[in-house]
Amino acid sequence: MDKLPTYSESLPVDFPRLARWKLKHRMAPIALTLCFISVASLLLSLSQLALLGKQSVQLPLHTEQILQRCNMLHAKPGPPSDFHQRTESDRFVEGTQATLIRNASIWTGDQEITQGDILLDKGIIKFVGHASPGMFNKFKDLVTLDVGGSWVTPGIVDIHTHLGVDSAPALSGANDGNSWKGPILPWLRSLDGLNTHDDAYRLSISGGVTTANVLPGSANAIGGQAFVIKLRPTAERSPSSMLLEPPYTLNGTHVDPTLPPRWRQMKHACGENPSRVYGNTRMDTFWAFRQAYDTARQIKEQQDAYCTRALAGEWENLGEFPDNLQWEALVDVLRGRVKIHTHCYEAVDLDDFVRLTNEFEFPIAAFHHAHETYLVPGTLKQAYGHTPAAALFATNARYKREAYRGSEFAPRILAENGIDVVMKSDHPVLNSRFLLYEAQQAYIYGLPANLALAAVTSTPARIMGQDHRIGFVREGYDADLVVWDSHPLALGTTPQQVWIDGIPQLFEPAVASKPVSFQQAPRTPNFDLEAAAAIKYDGLPPLMPKKAKDLIVFANISSMFVPDGMGGVMSVAGVGEGDVVVLGKGVVQCWGTVAACVNEFASEDTEWIDLEGGSIAPGLITYGSPLGLEEIQGESSTHDGTVFDPLTGSIPSILAGSELIKASDGLQFAGRDTLSHPRESLAYRAGVTAGVTAPSSGGLIAGLSTAFSTGAAHRLEDGAVIQDVAALHVQIGHSNRGPSVSTQIAALRNMLLGDKSSITFAEVAKGAIPLVVQVQNADVIASLIELKKEIHTRTGTDIQLTVSGAAEAHLLAKELGEAGVGVILTQSRPFPDNWESRRILPGPPLTNESAITTLLAHGVTVGVGVVEQWSARNTRFDVAWAALESFDRISKEQALALASVNLEKLLGVKPSGGLSDMVATRGGTVLDSEAKVIGIISARRGVVDLI
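The structure reproduced in this document is the subject of the present report. The model shown is predicted, which means the values in this text are computed figures rather than measured ones.

## A word on the state of the cysteines
Within this structure, the stated rule accounts for three disulfides. In this model Cys270 forms its disulfide with Cys344; the gap between the sulfur atoms is 2.2 Å. One end of the pair, Cys270, is in the loop between β9 (264-269) and α5 (272-278); the other, Cys344, is in strand β10 (residues 338-344), and 74 residues separate them in sequence. For Cys344, a relative accessible area of 0% corresponds to the buried category.

Here it is in C-alpha cells:
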C-alpha cells in the first residue's frame, strides 16, 4: 500500500520533512511547494497589514492548513507530474522476481507490436520493444519466458463489478451490495463491505481480469462510493491492501498539499430499480437527486465563500471550515473530482440525468447497462462537461422493460457516433471471468477489433481515471499483463499466465492447444442491414424471415452434419468444398457435386444460395430457462406464472386429484427471445430451432415439460408443438423457505413407489418418460442415485433419471456413468453461485478437466443448457467453447450433440429422424464465430426460412 506523507492535526506543517520527501520527487513538486509557501506568506503578510490600525484579530490555530486546503479546493485529480519517472510501484512486493517475456505478439492498448519483448521489474513495465542480447544481464534472477508469438495484452479491467460485495457463494452473511436505508446514500463505501474471501477472485483472475471497479448495487438513486481494486491476494489479507490509488483522505489523514487529489468513484442509479425498491416513480427519484445535489451545492458555495475570505486574510468571525462528512463526497462530485457511474437504461432516464448534470454542473464518467444509448447518442453528447461512455452487455437484454430494446449492435452504433464503448460484467450477473467474451461478441456484431479490445482494457482504465498506470502495455505502467493461448478476440481464448503487479497468478496453468487460425482475429459476418434496422425500428426491428422457394440449392458447402440415427451426430461423407445440397420443401433431396445433383434442380424455379464455404448442421435445442413461458423476467404480466406446490402450500380444490401441470398449456408464441410475431426469434436466428421448457415452480414439483419450435407463429401451426409432453420435472435443494432435502426426497420416493393415483408418476416409475431433477449439490445427487437403485430393487425397472443444473455432478462422474444417469449442465461454464454449487470444476487454465470432459470420460450422456432465456441465442458458442477447451477430447460432432441429440435423449424428446430441423451457415460451421446463420431448414414444417 501507499506510504503517504502526513502531518499532525495540531502542529504546523513540518517543512524540513516535506523538503526531504520532495527531493526524492525531483524539481516539479519543489517548485510548486516554494510557490505555495510564497503565496501563503504573502497572504499572511497582507492580512496582517490589513489589520493595522484596527483591533487585532486572533489567527486560527491551523491557519497554514486552512490556506493549504483552500488553495487545493479547485485542484483536479490526476497523477503527480513525475509519476512515470517512478522506478518502483507503490504495490511492489519485496522478493518478486523480474520477468522477461520474449517473442510476444503485443496489443499495447491502442496498437499492435509483433514479436516484441517485455520486462517486468519492481511491479512496473520497464521495457517494451525488441531486446538485444545481454541487455538485461544485470538481473541476477531474471525469469525468462519465451511465449513463442502468443498474444500479450494489458490485464482486463472490469469497470462494473460487485466482486467482494455480492460474494460467491452467495450467503446472507456476506450480502453487502446494497443498503436499504434510503434512496440517497453518497456517504456509503463499497470498501466497507469488501469480502476478501469471495471465491470469485481466483476465477476472475483466471479469465485475465486484473483490476475491477467495485460498485455498490443499484437499489438506490445514489448507492455510495466505489473503489478500484487489484484482484491478487495480498500478504495483508485486507480489503485496504487490494485498493488501487484510493483517496488520500480515505482513513481521515491529510497529505502533502502539493500532490493532486486522486480520482474517486461513485454509483448512481435511475429507472426501475430505485423505483421498485422504494415504491417510487421516476419523478420521485429525480426529485431525490435534485434535493441531494442542492444540499451539496449549498455546502460547496459555503466552502467557496469561506475560502474567498480566508485567502483574502479576512479572519474575523470566520469560524471553522464548513465541512460535512455525510455530504463531502457529493460536494467533491460538484468539484469535478468524482467519476460518476450511472446505472441507466432508457431514453427517459438518460435524458433526465443529462439535464441533472447541466443543472448542477457535474460530468458523468459512464452510463452503465445503457441499453438505449445507441438510440439517443445525441442526448449523451448534451451532458455537462463531456460525453459519457456507455458501459454495456453484449447480448444480455430484455430481462426487464427498460432493457427490452437492447441490441447486440449497440457497441458498433455508439462507436460510429464517437462515443466511448466499455464492456462490463456487472458480476455476478455475468461471471467476470468471461468479460473478454463480451468484447468478442461486440466484435462479432461489428465493433472494430481495436475498440473491442480497448473496451475491456484501456477505455475503462481511462474512464476511471487510471489510464496513467493500467490498461496499456507501456513502459512505466503497472505490470498487469495476460499471455493468451490464442488471439484475444478468438472464441474460447484462455490465459496462459496472468501477472498482477509483476506477480504471476496462475500456478501450473492448464493450456489447451488451439487451431493455428485462432492466432489471428476471426473474420466477422456482415450485419450492416441488421444494425441499420435496429435504429430504424427504434430497437425492435422485425425478425420475420423470408420464406425460400420450394426448391432451393445451398452451394459452396464445405461440410454437413446430421443425426446418425443411433443417438449421435455424424459428418456426412461425400460433402466437401464447393459441393451443393438440394432441398425440396425443407427435405434434403441430394448432396454432393453439382454434376451429381443436376437432375434435382433442373426446374427454372430454383433458388440458389451461396454458403461461401459454409455448412449445414442439426438445429440446436435450448433447455433450462423459462423460454416460451416468460417474455420479460421483471414483468409478471408477461409470465405463465408459478405452479402450486403440494409441499409448500395447499392445492386449490379445483385441482385436487388432477394430473400434473403441462407447460404446453402456457406456451407463448410472441416473444423476441423465443418467438416473434409473426415468426422468428433471436434464438431462432442463431440456429436454436427448438426449446424444451417445464412449468415454473418454487417448490418440489414443476410438472410436465413440452418441446416446441422457436420458429412457429402460434401453437396451432403445423410443427409448433414438437411433443406435447416430454418429461416430468422436479427440483430438490436447500431452501430457507421450504422443507428439508430429506423431506423432499421422501416425498419423491412416495410419489414414485406409493402414489397409485398419478398416471404420470406411474409412467416415470415404469421408465416410460424421464424424471428430470433440477439439483446442484453432489450429496443430493448421490441420494438420487440411491433412490434410482431402490426403485430398481423394488420394481425391477430402471427409471430414466436426468439431473440438470448439476454444478457438482463431476464429483460423482463414475457413479453417474455406472447408474446410467444423464446430466444437463445448465451453466456450461460453471460458477459457484451458492453453497450447493460451490465445488465446481472450473476447467482451463485452473484445471485440465472440465465438468463436461469429466462426465463424458465416464460414459455419462451430457447436454448443456442455459439459465436465462436471453442467452439461448449463444448456445452455439457454448458448445463450441466446450470443444475448444477439451484438449481435443470433444469433436465437432460431439459438440453439436451436446445441444441437440443428447438433449433429446435426456429430456424424452423422440428423435425426429428425417424431419429434424437443420441450420445453414455462411462462412463456416455453426460452431465458428466467423459464420452467420442464414437459413433454417424445417422438414417438419415443410419450409426453409432465410434469415
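From this point, the discussion proceeds with the structure in view.
## Some thoughts on the sheet that holds strand β23 (residues 620-623)
The four strands are arranged β23-β24-β26-β27 in an open sheet whose pairing can be described as mixed. Strand pairing shows two members of the sheet lacking a second neighbour, β23 and β27 (721-723), which therefore form its edges. Each adjacent strand pair in this sheet contributes to an overall mean axis angle of 30 degrees, direction not counted. Bridge count between strand β26 (residues 706-709) and β27: two bridges; the pairing is antiparallel.

## Focus on the pairing of strand β6 (residues 156-161)
The element β6 is largely enclosed, with a buried count of six among its six residues. Across four bridges, β6 lies against strand β7 (residues 209-214) in parallel orientation. From the neighbouring strand, Thr161 faces β7, where its bridge partner is Val214. With helix α4 (residues 200-206) bridging β6 and the parallel β7, this β-α-β connection has right-handed handedness.

## Considering the side chain of Arg412
Of note, Arg412 is situated in helix α10 (residues 410-416). Its relative accessible area of 11% is what places Arg412 among the buried residues. When neighbours within four sequence positions are excluded, Arg412 is seen to be in contact with Tyr445, Gly446, Leu447, Phe527, Asp528 and Ala531.

## A few points about the sheet that holds strand β28 (residues 728-731)
An order of β25-β28-β29-β30-β31-β32 is seen for the six strands of this open sheet, with the pairing classed as mixed. Every interior strand has two partners, whereas the edge strands, β25 (701-704) and β32 (862-864), have only one. If you compare each strand with its neighbour and ignore which way they point, the axes differ by 20 degrees on average. When strand β30 (residues 801-805) meets strand β31 (residues 822-825), the two strands line up parallel, connected through four bridges. Across the sheet, the residue bridging to Val803 is Val823, located in β31.

## Observations concerning empty space enclosed by the protein
One pass over the structure, following the stated rule, counts seven cavities of 30 Å³ or more. There is about 150 Å³ of room inside the largest cavity. Per-element tally for the lining of the largest cavity: the top contributor is helix α11 (residues 435-444), with four residues. In the lining of the largest cavity, the residues fall into ten nonpolar, six polar and three charged.

## Remarks on the packing of aromatic side chains
Tallied over the entire structure, the rule returns 20 aromatic pairs. Their ring planes at 10 degrees and their centres at 4.4 Å tell us that Tyr293 and Phe362 sit as a pair that is stacked. Here the residue Tyr293 occupies a position in helix α6 (residues 282-311), and Phe362 occupies one in the loop between α8 (347-360) and β11 (366-369), the gap between them amounting to 69 residues. Under the relative-accessibility criterion, Tyr293 is labelled buried at 0%. An aromatic cluster of three or more residues is present, and its members are Phe286, Phe289, Tyr293, Phe353, Phe360, Phe362 and Phe367.

## So, the packing of α6 against α8
Axis separation between α6 and α8 bottoms out at 11 Å; the angle between their running directions is 15 degrees. Between α6 and α8, the angle is such that the two are roughly parallel. Crossing geometry of α6 relative to α8 is assigned as right-handed. Contacts between α6 and α8 pair Arg282, Phe286, Phe289, Arg290, Tyr293, Asp294 and Arg297 from the former with Val348, Asp349, Asp352, Phe353, Leu356, Glu359 and Phe360 from the latter. Tallied by class, the residues present in the contact of α6 with α8 amount to seven nonpolar, no polar and seven charged.

Conventions and cut-offs
Residues numbered from 1 in each chain as written. Predicted model: local features only at pLDDT ≥ 70, side-chain atom pairs only at ≥ 80, totals over all residues. Heavy atoms only, no water. Disulfide = S-S within 2.5 Å. Helix = DSSP H or I, 4+ residues; strand = E, 2+ residues; numbered from the N terminus. Buried < 20%, exposed > 50% of the residue type's maximum accessible area, 1.4 Å probe, protein only. Pairing = 2+ DSSP bridges. Axes fitted to C-alpha atoms, helices over the stretch in contact; angles between N-to-C directions. Right-handed = clockwise from strand over helix to strand, strands pointing away. Contact = heavy atoms within 4.5 Å. 1 Å grid on protein atoms, 1.4 Å probe; cavity = no way out; pocket = protein on both sides within 12 Å on 5 of 7 lines; lining within 4 Å. Points joined across faces, edges and corners; volume = space filled by probe spheres on them. Nonpolar A, V, L, I, M, F, W, Y, C, P; charged D, E, K, R; others polar. Phe/Tyr/Trp six-rings, centres within 6.5 Å; stacked < 30°, edge-to-face > 60°. Parallel < 35°, antiparallel > 145°, perpendicular 65-115°, else oblique. Left-handed = near helix turned anticlockwise from the far one by under 90°.

On their own, these measurements won't tell you what the molecule is for.
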